[in-house]
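Spelled out from the first residue to the last, the chains are:
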Amino acid sequence: MAAFVLLASLWMAVRITPLQSVTAAGQTVEVGAAAPGWGLSGPGEMDLFGQTISTQPQFPGPVRPRLRLTHITANAELEQLLGSSDKSSAGVLGRQLSSGWLRYGLWEGAVSAGIVVMVLAAVTGLRRYSLRRTVIVLSTGAIAMTAVNVVGFGLLASGTPSALRHVHSLSDLVGRSMGYPVAPADGPALSGVQAVVIGDSTAAAIGNRPVSHPSALDQACGRSADSFAAQLATVNNWNVLNLACSGATVRTGLLGPQPAGPLSAPPQIAQLQRAPKARVVIVSVGADDLHWADLTRFCAASPTCDDRVTDAYFQQQTAQFVLDYRELLTQLAALPGHPAVIINQYYDPFGPDTSCLAAEHVDAAKAKTLQGRLDQLNTALKQGADAAGFITVQPSFAGHALCSPEPFVQGPKDKAPLHPTAAGELAIALADQQALFRAEQAAAAAQSSNGQTPDGQTPDGQSAGGQSAGGQTPGTGQS
């Protein structure tokens, strides 16, 4: 009975003890313990934007660390990735992680001892032990639990602090998949561009009206005159550069070149850097990284689409996506002009009515499974954007889903099924516009609290931040 109480208390403590937050090398990481494994050694766990992935370092013993990224500061991370000349900072993150692990161990020991004391106090109360006997029982339980923790962390995880001290950057934990940084594309500076859109077929608005006088790359990427980039340009009188390309992923399209028919589209991040005065960057990416179209087709062709094999494949693709997504966020946060960055989440294409999909063998249960996977992608997009301090936008197609009378989504017989119609692109543009307006209001409130007037001037008439008092940014409707 005593052994059961100790082990149950330890199990509970590992799950409720708060992770310890450490900050170094441009990252804020929470440190704790994963559920004990059966092997004598193995990887720890890294919670990256809601997705649990295995760490690159191997840790001795069955008790291994669990880490969660909560904040990204790109410039410091880039210095680490590129090999910072500041050698004194090379081991800061590892030392902080090791310290966080030890603090967690102390907290977990205190929590588990507290749980044991509470359980034993209930037992001694029910049995009406004397005060002296109660004190002895409670003290013995706390001492025994402390001994279990000393053995657990001192012996079963004795190599963890040393392994953590060898971590110099977050990439040492999750691995490097691409080179840093993406160099600007060749060509003259596009100084008249106020906003840039990068991303996939949703941002390109594939299936809608083509752009006027399209280039070969416009045609290959499926860029449309109805895109939300074009809508924002019209409404705000902006010069918007739409670099989105159908089929783009983070790795092949945004951070690396993308085959587009007979052409090769240069990395969108490289093209973005030709617009040094852009104050807004809008990103729509992730569906192609997860092979969303293939998963949808497979779901339609199968009796069910929530089988374990398909789910395992989806989880594997999501794990790779969050690694690539972190690199994209780091690149965006390190842009010289520090533009406002909006990460668009994906709309829900399915409504409560799926009758128009009966011929495609998609019923309400299949639609729910697909939407659940899309929700997981949106969670990763939001958590990553939050960690980088970016804005996230969730467009709503409520009342205008696929089988509604006025859908914002192209149907199964249209040119680009499940992609937004022109009205859907407008809905996305409106959601982005509202997010920019709220961001400007927050910035104005912050300036006001710092003694500045809403137009960016201090009370003595001087402009703030070295900008002219009459300057305007995208989102106000003026260039």
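Just so you know, these numbers come straight off a predicted model, no measurement behind them.

Colleague: Sorry if this is basic, but what is going on with the environment of Gly 37 here?
Modeller: Mapping Gly 37 onto the fold places it in the loop between strand 2 (27-33) and strand 3 (41-48). Taking the C-alpha atoms as reference points, Gly 37 and Gly 61, 24 residues apart in sequence, are found 8.4 Å from one another.

Colleague: Just checking my understanding: could you explain the packing of aromatic side chains for this structure?
Modeller: Per the counting criterion, the structure on display carries five aromatic pairs. Arranged with centres 5.5 Å apart and planes meeting at 75 degrees, the rings of Phe 49 and Tyr 325 form a pair that is edge-to-face. Here the residue Phe 49 occupies a position in the loop between strand 3 and strand 4 (51-60), and Tyr 325 occupies one in helix 12 (residues 308-333), the gap between them amounting to 276 residues. In this pair, the class of Phe 49 matches that of Tyr 325, namely buried.

Colleague: Mind showing me how you'd approach the state of the cysteines here?
Modeller: What makes a disulfide is a covalent bond joining the sulfur atoms belonging to two cysteines. All chains considered together, the criterion is met by three disulfides. Shown here is the disulfide that connects Cys 221 with Cys 245, its sulfur atoms set 2.1 Å apart. In this structure the cystine formed by Cys 221 and Cys 245 twists about its S-S bond by roughly -80 degrees; its chirality is therefore left-handed. Taken together, the residues span a long stretch of sequence, with Cys 221 in helix 8 (residues 216-221) and Cys 245 in the loop between strand 7 (240-242) and strand 8 (258-260) at a distance of 24 residues. In terms of burial, Cys 221 and Cys 245 fall into one category: buried. One disulfide in the model links Cys 356 with Cys 403; its S-S distance is 1.9 Å.

Colleague: What is the right way to look at helix 12 in this model?
Modeller: Given 3.6 residues per turn, any residue in an α-helix points the same way as the ones three and four places further on. With 26 residues, helix 12 ought to run about 38 Å at 1.5 Å a step, and its terminal C-alpha atoms sit 37 Å apart, in line with that. In this structure Asp 307 caps helix 12, since a side-chain oxygen of it lies 3.3 Å from the backbone nitrogen of Val 309.

Colleague: How should I be thinking about the pairing of strand 2 in this particular structure?
Modeller: Burial runs high along strand 2: seven of the seven residues are buried. Of the two faces of strand 2, the one holding Gln 27, Val 29, Val 31 and Ala 33 and the one holding Thr 28, Glu 30 and Gly 32 are both buried throughout. For strand 1 (residues 20-24) and strand 2, the ladder comprises five bridges, and the chain directions are antiparallel. From the neighbouring strand, Thr 23 faces strand 2, where its bridge partner is Thr 28. Sheet topology places strand 2 next to strand 5 (residues 65-72); seven bridges connect them, and they run antiparallel. Of the residues in strand 5, the one forming a bridge with Ala 33 is Pro 65.

Colleague: Mind showing me how you'd approach the packing of helix 9 (residues 228-236) against helix 14 (residues 422-449) here?
Modeller: Two numbers describe how helix 9 lies on helix 14: the axes approach to 8 Å, and their chain directions differ by 60 degrees. With respect to helix 14, the element helix 9 is oriented oblique. Relative to helix 14, the crossing made by helix 9 is right-handed. Of the residues in helix 14, those in contact with Phe 228, Gln 231, Leu 232 and Asn 236 of helix 9 are Ala 422, Glu 425, Leu 426, Ile 428, Ala 429, Asp 432 and Gln 433.

Colleague: Help me out: how do you make sense of a nonpolar patch on the surface in this one?
Modeller: A surface patch of nonpolar side chains, amounting to about 310 Å² of accessible area, comprises Trp 11, Met 12 and Ile 16. Note on placement: Trp 11 falls in helix 1 (residues 2-16). Residue classification places Trp 11 among the partly exposed residues on the basis of a relative accessible area of 48%.

Thresholds applied
- Residues numbered from 1 in each chain as written.
- Predicted model: local features only at pLDDT ≥ 70, side-chain atom pairs only at ≥ 80, totals over all residues.
- Heavy atoms only, no water.
- Helix = DSSP H or I, 4+ residues; strand = E, 2+ residues; numbered from the N terminus.
- Phe/Tyr/Trp six-rings, centres within 6.5 Å; stacked < 30°, edge-to-face > 60°.
- Buried < 20%, exposed > 50% of the residue type's maximum accessible area, 1.4 Å probe, protein only.
- Disulfide = S-S within 2.5 Å.
- Expected span 1.5 Å × (residues − 1).
- Polar contact = N/O pair within 3.5 Å; in protein donor to acceptor, adjacent residues only side chain to side chain.
- Pairing = 2+ DSSP bridges.
- Axes fitted to C-alpha atoms, helices over the stretch in contact; angles between N-to-C directions.
- Parallel < 35°, antiparallel > 145°, perpendicular 65-115°, else oblique.
- Left-handed = near helix turned anticlockwise from the far one by under 90°.
- Contact = heavy atoms within 4.5 Å.
- Patch = residues over 30% accessible without salt bridge, like charges linked within 9 Å, V, L, I, M, F, W, Y side chains within 5 Å.
- Areas by Shrake-Rupley, 256 points an atom, 1.4 Å probe, with all protein chains shown as cover.
- Salt bridge = Lys/Arg side-chain N within 4 Å of Asp/Glu carboxyl O.

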